[in-house]
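Residue-level structural notes
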Amino acid sequence: MEVRVRFAPSPTGYLHVGGLRTALYNYLFAKHHGGKCILRIEDTDRTRFVENAQENLIKSLTWAGVEFDESPEVGGDYGPYIQSQRFDLYTKYANELLENGSAYYAFDTAEELDAMRERQQKAGIAPKYDRTVMRNEFTLGKEETKKLIDAGTACVIRLKVPLNAEIRFTDAIRGDVVVTGRDVDDQILLKSDGFPTYHLANVIDDHLMQISHVIRGEEWLPSTPKHVLLYQAFGWECPQFAHLPLLLNKDKTKLSKRQGSVAVEDFVEKGYFKEAFVNFIALLGWNPTADREIFTMDELIQAFNLEKVNKSGAVFDTQKLDWMNSQYLKTLPLDYLTELLMPTLEKFNFEKVCKEYVSSVINLLKERITFLNEIPVFGNYMFEKPKTYEQDYIDKHWKENTTEIMKKLIEKLRNAADWKHETTHDITKAYVESSGLKLKDVIHPLRLMLTGKSVGAGMFETMEILGKEECMERLDYFINKNS
RNA sequence: GGUCCUAUAGACUAACGGUUAGGUCACCAGCCUUUCACGCUGGCAGUAGGGGUUCGAAUCCCCUUAGGAUCACCA
C-alpha cells in the first residue's frame, strides 16, 4: 500500500513551530517510504478567517524545505485541497450517517447547552451531551423532528455514540488505546451553518484522499475515538494513527504564544538558518542515534521512523538551537552564506560592498558569532571606518609612550612588500623583538586604531582583508587625531 | 472533576532485563592564545517514590506522587 500522509493545518495566519514539526515528520515519513505528502487547508471555521493565512503558511513551510506532492497550489487527483471548497461533500456524507442511524438531528440553542453543562458541573459529572433529555430526534420524535426541519429550524447533526461500545485503536507511537462509548461525547458533525466540524471533515477527507497514516499532535488523542467511530459508521478502514508528543513551554505546558516566540517566521527573522532550525525541530521528540546531532534534510529522511518517536513532551528550549546555528555557520558553504547576507548588508548603507569582500569577511568572523546577521554589527569596522573608540580599551592599552611606539611600527608597515597576514605579522614581530616589547603591547593599540573595538578576529588576518590602503588611512587618522 | 497520556541530570536524549547509566546543549575548570571566540581536555549533574516479578529491573506489572492533554456549533 502506498504511504500517503497529510499535514492539515487551520489557517491561523502563521505557522506554529509545533505545526512545523508535525509537517516535517509527515514529510520525512512520506519521503522515507517513497510516498506522498499532502497539504490540506482546514478552514471550516468561518468565524476565524484570516487574510493571507494560507500564503503565510506555505511561505514558512517552503522556507523550511517541506514540500508537498499535492496541495491547493500544486493540485492533485484528490482535490480540492481546501475544505471550504468541499462543502457539498460533507452534507452528503452527513446524510448518509443520518440514514444508517449513526447520527441524529438536535435543536438545542447555545443557551440550552450552556445550562446543561452548568447543571452537570454542579452535579459533579463530566459535561457531556445527554440525548435523553435535550431537544433532539429521540426526545421529540420522528414526526416533530420532520416538522421542525421542514420549517427550516436551526439544527445540528450529532454523532450517535453507542454507549456500550468499546472503542479501540492502535497508535503507532502509544500502542493500544481503549475507551468506552460512555466517555465519548455525541460530537456535533454538521454545524447549524451547514459547515462540518473538524471531526467530520477530517475523517471524510482523509478517507477520500486515501490517507494511510494520520500523524498529528497529541492534543488529538482524546478525540480519536470519535474518529474511529466515524470510520466504522461509514464502513471505512481506519488509517494508522500516530500521535506526536507535545512541544512544551519552559513550565511544561503546551507551547504557546504567551511565553515567547512560536511562529516560524519569528525565527526566520531572528536569523536562524533553515538547516539549523529544521535539524533542531526534528530532534525534538525523535532521535535516530545517540551520538550525533547534525543532520541534513536528506539524512533526516533516510533515518526517520515512527518507532523512535518519544512518548513524552519536549521543552522547546532555544539554547541548543543557538549552538546548532553556530555549527551551521561554520560549515555551510561560503557562497551560500554570502548570498544570504548580501540583502541584509544593503540595509546598512555601507559604501560599495562586493561579494568577494563579503565572503572573506564572513570567513574571517564566522567562528566567533552565532548568527550570520551579527556580521554588520559585530564586524561593522570591516565595512566602515571606526566612528568611536572604546574608552575602556584606550585606558587599558594606550600608555604614555604608545604613540611613539606605534608611529615607528606604522612606518615599518608602510614599507611592507605585501599585505599578507604572514608578512605584517613578521614585520611586527621583528619590530617588537628589537624594541624589547611584547606582541601584546602593540596588537591591542593596533586593534584599537583599526577597529575601535576590543573584540575581533585575528589582528593580522583582519588587516589583510581590510587592505593596506585602508589600514594606513585608519592608522594615520588616529595618530594625527591624538597628537 | 471525568477520561486519556506521560515520567532518565537545568534542557534535548541513548541504553528494546545483564553498561562503572552513554552523548549533546548549558554551566564550571584547565589548555591554546593576540582580545573575543573556535577548538581540545577534564568536571558538576539523572533513572520521581514505594511495592512486586526475576539469579538480575531505568527497562515488565501494580500502587502512590507529579506533570500534561482534553472535555465548544475551534481546529
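Values in this document were obtained by computation on a predicted structure and should not be read as measured data. (Residues numbered from 1 in each chain as written. Chains lettered and ligands numbered in written order. Predicted model: local features only at pLDDT ≥ 70, side-chain atom pairs only at ≥ 80, totals over all residues. Heavy atoms only, no water.)

Near RNA strand B you find 61 residues, and of these T44, K191, G285, R368 and G456 are the closest. Taking all atoms of RNA strand B within 4 Å of the protein, the share assigned to sugar and phosphate is 73%. The backbone of L283 places a nitrogen or oxygen atom 3.2 Å from a sugar or linking oxygen of RNA strand B. Between E367 and RNA strand B, the recorded distance is 2.8 Å, taken from a backbone N or O atom to a sugar or linking oxygen. Of all elements in the fold, only α4 (110–122), β4 (156–159), β11 (314–315), α12 (319–331), α19 (439–451) and α20 (459–466) reach the threshold of two or more residues within the surface near RNA strand B. Tallied by class, residues from the surface near RNA strand B come to 21 nonpolar, 16 polar and 24 charged. (Near = heavy atom within 4 Å. Polar contact = N/O pair within 3.5 Å; in protein donor to acceptor, adjacent residues only side chain to side chain. Helix = DSSP H or I, 4+ residues; strand = E, 2+ residues; numbered from the N terminus. Nonpolar A, V, L, I, M, F, W, Y, C, P; charged D, E, K, R; others polar.)

The strand order across the open sheet built from three strands is β3-β4-β7, with neighbouring strands paired in antiparallel fashion. Both edges of this open sheet fall to β3 (103–106) and β7 (188–190), since each of them pairs with a single strand only. For this sheet, the mean angle separating the axes of adjacent strands, direction not counted, is 45 degrees. Looking at chain direction, β3 and β4 are connected through four bridges and run antiparallel. Looking at β4, one finds that A103 is bridged to L159. (Pairing = 2+ DSSP bridges. Axes fitted to C-alpha atoms, helices over the stretch in contact; angles between N-to-C directions.)

Next up on the list: the pattern of salt bridges. Opposite charge on two side chains permits them to pair, given that their charged atoms come into close proximity. If you walk through the whole model with that rule in mind, you get 28 salt bridges. Between K355 and E339 there is a salt bridge; the shortest N-O distance is 3.0 Å. Linking K355 in helix α14 (residues 355–365) with E339 in helix α13 (residues 334–346), this pair joins segments that are 16 residues apart in sequence. On the accessibility criterion, K355 (46% relative accessible area) is partly exposed. Its salt-bridge partner being R414, residue E411 comes within 3.1 Å of it at the nearest N-O pair. Note that E411 and R414 are positioned in helix α17 (residues 402–414) at a spacing of three residues, about one turn of the helix. Residue class for E411 comes out partly exposed when judged on its relative accessible area of 39%. Among the residues examined, R414 registers a relative accessible area of 31% and is labelled partly exposed. What emerges from the salt-bridge pattern is a single network uniting R6, R40, E42, R86, D205 and D206. (Salt bridge = Lys/Arg side-chain N within 4 Å of Asp/Glu carboxyl O. Buried < 20%, exposed > 50% of the residue type's maximum accessible area, 1.4 Å probe, protein only.)

Further remarks concern the confidence of the model for chain A. Here chain A averages 94 in pLDDT, while 100% of its residues score no lower than 70. This complex was scored by the predictor with a pTM of 0.94 and an ipTM of 0.95. (pLDDT = per-residue confidence, 0-100.)

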